[in-house]
Amino acid sequence: MATAVEVKEPRGAVPHPDITAHSDVNRDVLAILGRPGFGWWALFALAASGVALMFGSWGWQLYRGMGVAGITKPVGWGVYITTFVFWVGIAHSGTLVSAILFLFRAPWRQSIYRAAEAMTVFAVMTAGLFPLIHVGRAWLAYWLFPYPNSRFLWPNFRSPLVWDVFAVTTYFTVSATFFYLGTIPDLAAARERASGLRKKFYQITSLGWRGTDREWHHFGKAYIYLAALATPLVLSVHSVVSWDFAMAIVPGWHATIFAPYFVAGAIFSGMAMVITLTIPLRKVFGLEAYLTTKHYDAMAKLVMLTGLIVLYAYLTEFFMAWYSGEEIERTAFWERLFGSYWWAAWVMLVCNGIVPLTLWFKRVRHSIPALFVISIFINIGMWFERYVIIVVSQHKEYVPFAWGVYRPSIVEMSILLGSFAWFGFWFLLFTRLLPPVAIAELKEVLPAPMRRRTHDG
């Protein structure tokens, strides 16, 4: 008599009811790497146009000088440094999802961590452009690196620019290595189904992976070591970026809360960007069975938690400015709410403080369109947060004679918009060349398929 023996699914696994066998994962995910449709080409053309606009504007700035930007005294840091801090913050969610949640064995990370890791690498690549754009003479940017030279030129290690160089290069190196290591088994799976130049590409990048026990053993060890190494970067890199401000005596900057405040804000904006990117990815490539409402519910809860920390930091800043009794500090925060840049501060407070409170409701967390809109609002608010911190604090410091109003130029805004196109350009290429969902790790948390065996009885 034939009997069915059901194998229990792993504890904590996120169910995927539309998947009946592990072979379905290879079929569905690798199908994304096929020929793209019209929508992909349209987005790619739009991204390429934005990249051309960015580099064209940057080239004009290199030719004409920094005068074409709106940067002036007393605001020496403007849109460029604002966008740099924004993109470094966006990059943090990839390390959080891939490393920290891996160490805690969160079962819902498998479906999203590949896209989050790719987002991290591309966000750091985008952020790394802005110190070069900001310094003006980009061809002399190598002066920021400490190396022996005959001119006895050494970087000033008290300069925030030097701190950023070390932070960004370290973060990019570890994140890119971690990202590439995790893709090796999936590249081998893609190799088996590819042909022509794609097969050559996957043969080289998969490093001869065959999936033996010995390879999986070494892979697991290397992956957990890199995860442990990458975890402190979530705290350290954006803490270093926050010290760019906290180590100065500018009103509104000199605060010990900046390091945890910036780290929470980075995770907050980064997770929102993961939601923004994966929702279209889910719809366009038909990944509803792999990116379920349970995944978005978990991400929304993390966004809600970090959003509450950010809101608490806002309230703490305003309270300490009032409680300190320092007139200049009070004036700086009064200017944030009711001064020349009041509109930016209120966009920040509404998008980062009020909009995320809707995530307390389960109906909102389980609504994919609502999450998409909320995530966009959050990222708009987080860019304006950095704008408020940088510009508003500088335009009125200690000496009234030196006060001034900063207005971004067309060149700066073109480069800002182009940075999003640059990021999108690389992310679109990623969806064409690499599996955007981790095949090997996803199978670990899928419900075990029904296995039947026949025996006499």
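### Describing the nonpolar core
Of all hydrophobic cores here, the largest spans 140 residues; its most connected members are W87, M271, Y296, M299, L359, Y387 and I415. With 15 residues, helix α9 (residues 258-284) is the single largest residue contributor to this core. Excluding anything up to four places from it in sequence, L359 contacts A300, V303, M304, V364, R365, L371 and I374.

### Observations concerning empty space enclosed by the protein
The tally for this structure, following the rule as stated, stands at 6 cavities of 30 Å³ or more. Looking at the largest cavity, the residues that line it are G94, T95, S98, E117, T120, V121, S175, F178, F179 and A230. Here the residues of the lining of the largest cavity are counted per class, giving 4 nonpolar, 5 polar and 1 charged.

### Description of the packing of aromatic side chains
For the coordinates displayed, the defined rule picks out 46 aromatic pairs. It is R432 that lies over the ring of W40; its NZ or CZ is 5.7 Å from the centre.

### Here's the deal with a nonpolar patch on the surface
Side chains of I249, I328, Y398, V399 and F401 sit close together on the surface and give an oily, nonpolar patch of about 570 Å² of accessible area. Counting through the fold element by element, F401 comes out in the loop between α14 (368-395) and α15 (410-433).

### Overview of the environment of R198
Within the fold, R198 resides in helix α7 (residues 196-205). Judged by relative accessible area, which is 24%, R198 ranks as partly exposed. Along the sequence, R198 and L433 sit 235 residues apart, while their C-alpha atoms lie 8.4 Å from each other. Beyond its immediate stretch of four places on either side in the chain, R198 contacts L33, R432 and L433. Separated by 2.9 Å, the side chains of R198 and Y202 make a polar contact.

### A closer look at the packing of helix α8 (residues 213-246) against α9
Direction vectors running N to C along α8 and α9 enclose 125°, while the axes themselves pass 8 Å from each other. Here α8 is positioned oblique relative to α9, judged by the angle of their axes. Like other packed secondary-structure pairs, α8 and α9 cross with a definite hand, here right-handed. On α9, the residues that touch V234, L235, H238, S239, S242, W243, F245 and A246 of α8 are F258, A259, F262, V263, A266 and I267.

### Brief notes about unusual backbone geometry
One non-glycine residue, L207, lies in the positive phi region at around 55°. Turning to its location among the elements, L207 is positioned in the loop between α7 and α8.

### A look at the packing of helix α5 (residues 113-135) against α9
Remark: α5 packs on α9, axes separated minimally by 10 Å, with the N-to-C direction vectors making an angle of 120°. Of the possible angle classes, the one that applies to α5 and α9 is oblique. Read as a crossing pair, α5 and α9 show a hand that is right-handed. Packed against α5, whose contacting residues are A115, A116 and M119, the element α9 presents G270, M273, V274, L277, T278 and L281 at the interface. Along the lines of polarity and charge, the residues of the contact of α5 with α9 split into 7 nonpolar, 2 polar and no charged.

### Remarks on the confidence of the model for the protein chain
Scored by pLDDT, the protein chain has a mean of 81; 89% of the residues are at 70 or more. Taken together, the stretch residues 1-15 has pLDDT below 50 and engages in 32 contacts with residues farther than four places along the chain or on a different chain. Below a pLDDT of 50 lies the segment residues 450-457, which in the model reaches 12 contacts outside its immediate sequence neighbourhood of four places, other chains included.

### Some words on the layout of surface pockets
To find leftover empty space, a probe the size of one water molecule is rolled over the atoms. Counted as a void, the largest pocket has a volume near 910 Å³. In terms of lining, the largest pocket is formed by 30 residues, of which the most central are T276, L277, F420, F423 and G424. Contributions of two or more residues to the lining of the largest pocket are made by α2 (38-64), α3 (79-90), α9, α14 and α15. Broken down by element, the lining of the largest pocket gets its largest block of residues, 9 residues, from α15.

Rules and cut-offs
- Residues numbered from 1 in each chain as written.
- Predicted model: local features only at pLDDT ≥ 70, side-chain atom pairs only at ≥ 80, totals over all residues.
- Heavy atoms only, no water.
- Core = buried A, V, L, I, M, F, W, Y, C linked by side-chain atoms within 4.5 Å.
- Buried < 20%, exposed > 50% of the residue type's maximum accessible area, 1.4 Å probe, protein only.
- Helix = DSSP H or I, 4+ residues; strand = E, 2+ residues; numbered from the N terminus.
- Contact = heavy atoms within 4.5 Å.
- 1 Å grid on protein atoms, 1.4 Å probe; cavity = no way out; pocket = protein on both sides within 12 Å on 5 of 7 lines; lining within 4 Å.
- Points joined across faces, edges and corners; volume = space filled by probe spheres on them.
- Nonpolar A, V, L, I, M, F, W, Y, C, P; charged D, E, K, R; others polar.
- Phe/Tyr/Trp six-rings, centres within 6.5 Å; stacked < 30°, edge-to-face > 60°.
- Lys NZ or Arg CZ within 6 Å of the ring centre and 35° of its normal.
- Patch = residues over 30% accessible without salt bridge, like charges linked within 9 Å, V, L, I, M, F, W, Y side chains within 5 Å.
- Areas by Shrake-Rupley, 256 points an atom, 1.4 Å probe, with all protein chains shown as cover.
- Salt bridge = Lys/Arg side-chain N within 4 Å of Asp/Glu carboxyl O.
- Polar contact = N/O pair within 3.5 Å; in protein donor to acceptor, adjacent residues only side chain to side chain.
- Axes fitted to C-alpha atoms, helices over the stretch in contact; angles between N-to-C directions.
- Parallel < 35°, antiparallel > 145°, perpendicular 65-115°, else oblique.
- Left-handed = near helix turned anticlockwise from the far one by under 90°.
- pLDDT = per-residue confidence, 0-100.

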